[in-house]
Amino acid sequence: MTDLAALISLVAPFFGLIALGFYCGKRVHIPEGGLAWMQFFLIYVALPPLFYRLIVNTPIEELANWPFIAATTLCTFSAFAISFSAGMATSRGDISQATLRGLAGAYSNIGYMGPPLVLAALGSGASAPVALIFVFDNILLFTLVPFLMTIGGADKRSFAETTRAVVWRVVTHPFNLATAAGVAASYFRLTLPDFADKMVTWLAGAAAPCALFILGVTVALRPLGRLPLEVPAHVFVKLIIHPLLVWVVLSAFGDFDPVWVYAAVLMAALPPALNIFVLSTQYRIGLERASAAILVGTVASMVTLTGFLWLIKTGRMPHDLFPS
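Residues numbered from 1 in each chain as written. Predicted model: local features only at pLDDT ≥ 70, side-chain atom pairs only at ≥ 80, totals over all residues. Heavy atoms only, no water.

Within the UniProt record for the chain, the comment given under Subcellular location (unreviewed entry) is "Cell membrane". On record in UniProt, under Sequence similarities (unreviewed entry), the comment for the chain is "Belongs to the auxin efflux carrier (TC 2.A.69) family." (UniProt positions renumbered as here; feature names shortened; annotations may be inferred.)

Here it is as structure tokens:
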């Protein structure tokens with residue numbers, strides 16, 4: 001009971017903030033446009049300092065862990081491929097529809113929920129793997145989606161225009177810029193002036209509660225009619241197959257630090273990202289399915305994510321399936 005109580009105490013604030021946002025979104029009648037400044041603050045002002053903080057105190061050699069990067073990115077791609085293939089079957093070969101369904105099975109909420117939850121569960125030693133997964137998963141998915149949408153006809157730009165847009169988006173994404181700044185500061189051992197350091201600390205502290213509250217409000221404002229039949233299958237890939245895949249592949253790739261393995265498993269076990277709805281809106285495809293996947297995935301992850309945390313905390317999930 002002590003272990004269970006500790007786990008509930010760990011995850012309850014995160015899902016509690018989401019629930020609070022959901023309740024406010026349902027009960028308080030403020031136009032959805034009111035979220036715009038909160039989202040801007042979160043993406044461009046609060047979360048970049050959080051990612052800078054994750055990186056800046058990490059030894060530079062830990063950030064060049066290419067076997068870990070390759071393994072975790074391969075797992076995300078594999079989860080996407082599984083969900084995409086299922087989407088191709090259920091959409092009768094519609095590549096654009098299948099792409100959004102692929103995201104539902106692979107794109108974790110690694111920006112809003114990942115850093116605060118994983119660091120709370122595993123400590124500061126998880127900061128480097130969390131940041132690496134965030135950067136390389138986003139590069140992978142921000143590259144795959146535009147090209148597949150171009151092939152599927154949802155994006156009318158040429159291949160060259162799509163390539164330029166993808167490169168620009170990856171290079172200028174505020175989270176990636178913050179990560180690059182953190183790498184540079186770590187490498188050259190730079191420190192911020194006291195006033196700037198205090199601002200970064202305050203903003204990083206504001207990121208998690210704002211992100212979770214916004215997630216709850218946004219889900220509440222999404223209309224959900226009938227539940228598309230294929231959504232539970234994509235959510236199952238996201239919440240169960242993806243983290244198990246990470247566990248097996250990291251065990252097979254090599255002898256990684258236990259904290260890195262468990263950080264990767266928890267990042268993969270997170271519910272579908274809110275960005276799936278953003279992309280669905282951008283391409284005007286699958287809005288109902290995107291809303292359903294985020295809502296169902298977030299609710300179901302209260303059980304599945306807590307389950308993975310319980311397995312990790314009680315030692316029932318060894319960090320290496322194939323010890324030498």
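Continuing now.
Caption draft 1: The arrangement of helix 12 (residues 275–283) in detail. Of the positions making up helix 12, those classed as buried are Ile 276, Phe 277, Leu 279, Ser 280 and Tyr 283. All buried residues of helix 12 lie within an arc of 160° about the axis, which places them on one face of the element. At its buried positions, helix 12 is contacted by helix 4 (95–104), helix 6 (127–152), helix 7 (159–172) and helix 13 (287–313). Backbone geometry just after helix 12 places Arg 284 at a positive phi near 55°. (Buried < 20%, exposed > 50% of the residue type's maximum accessible area, 1.4 Å probe, protein only. Helix = DSSP H or I, 4+ residues; strand = E, 2+ residues; numbered from the N terminus. Arc of directions from axis to C-beta. Contact = heavy atoms within 4.5 Å.)

Caption draft 2: Main features of helix 5 (residues 114–122). The buried fraction of helix 5 amounts to seven of the nine residues, a majority that puts the element mostly inside the structure. Within the span of helix 5, buried status applies to Gly 114, Pro 115, Pro 116, Leu 117, Val 118, Ala 121 and Leu 122. Positioned one or two residues after helix 5, Gly 123 has a phi angle of 95°, which is positive.

Caption draft 3: Highlighting a nonpolar patch on the surface. Taken together, the side chains of Trp 37, Phe 40 and Tyr 44 define a hydrophobic patch exposed on the protein surface, amounting to about 420 Å² of accessible area. When you line up the elements, Tyr 44 lands in helix 2 (residues 35–56). (Patch = residues over 30% accessible without salt bridge, like charges linked within 9 Å, V, L, I, M, F, W, Y side chains within 5 Å. Areas by Shrake-Rupley, 256 points an atom, 1.4 Å probe, with all protein chains shown as cover. Salt bridge = Lys/Arg side-chain N within 4 Å of Asp/Glu carboxyl O.)

Caption draft 4: Here's a closer look at the packing of aromatic side chains. Tallied over the full model, the rule gives nine aromatic pairs. Aromatic pair Trp 66 and Phe 136: ring centres 6.0 Å apart, planes at 80°, arrangement edge-to-face. With Trp 66 in helix 3 (residues 66–90) and Phe 136 in helix 6, this residue pair connects regions lying 70 residues apart in the sequence. On the accessibility criterion, Phe 136 (23% relative accessible area) is partly exposed. Seen in terms of ring centroids, Phe 68 and Trp 260 are 4.9 Å apart; in terms of plane orientation they differ by 80°. Their pairing is edge-to-face. (Phe/Tyr/Trp six-rings, centres within 6.5 Å; stacked < 30°, edge-to-face > 60°.)

Caption draft 5: Representation of a negative patch on the surface within the structure. Negative charge collects at one region of the surface, where Glu 61, Glu 62, Asp 255 and Asp 257 lie side by side. Tracing the chain through its elements places Asp 255 in the loop between helix 10 (231–253) and helix 11 (258–268). For Asp 255, a relative accessible area of 68% gives the class exposed. (Lys, Arg positive; Asp, Glu negative; His and termini not counted. Charge placed at Lys NZ, Arg CZ, Asp CG, Glu CD.)

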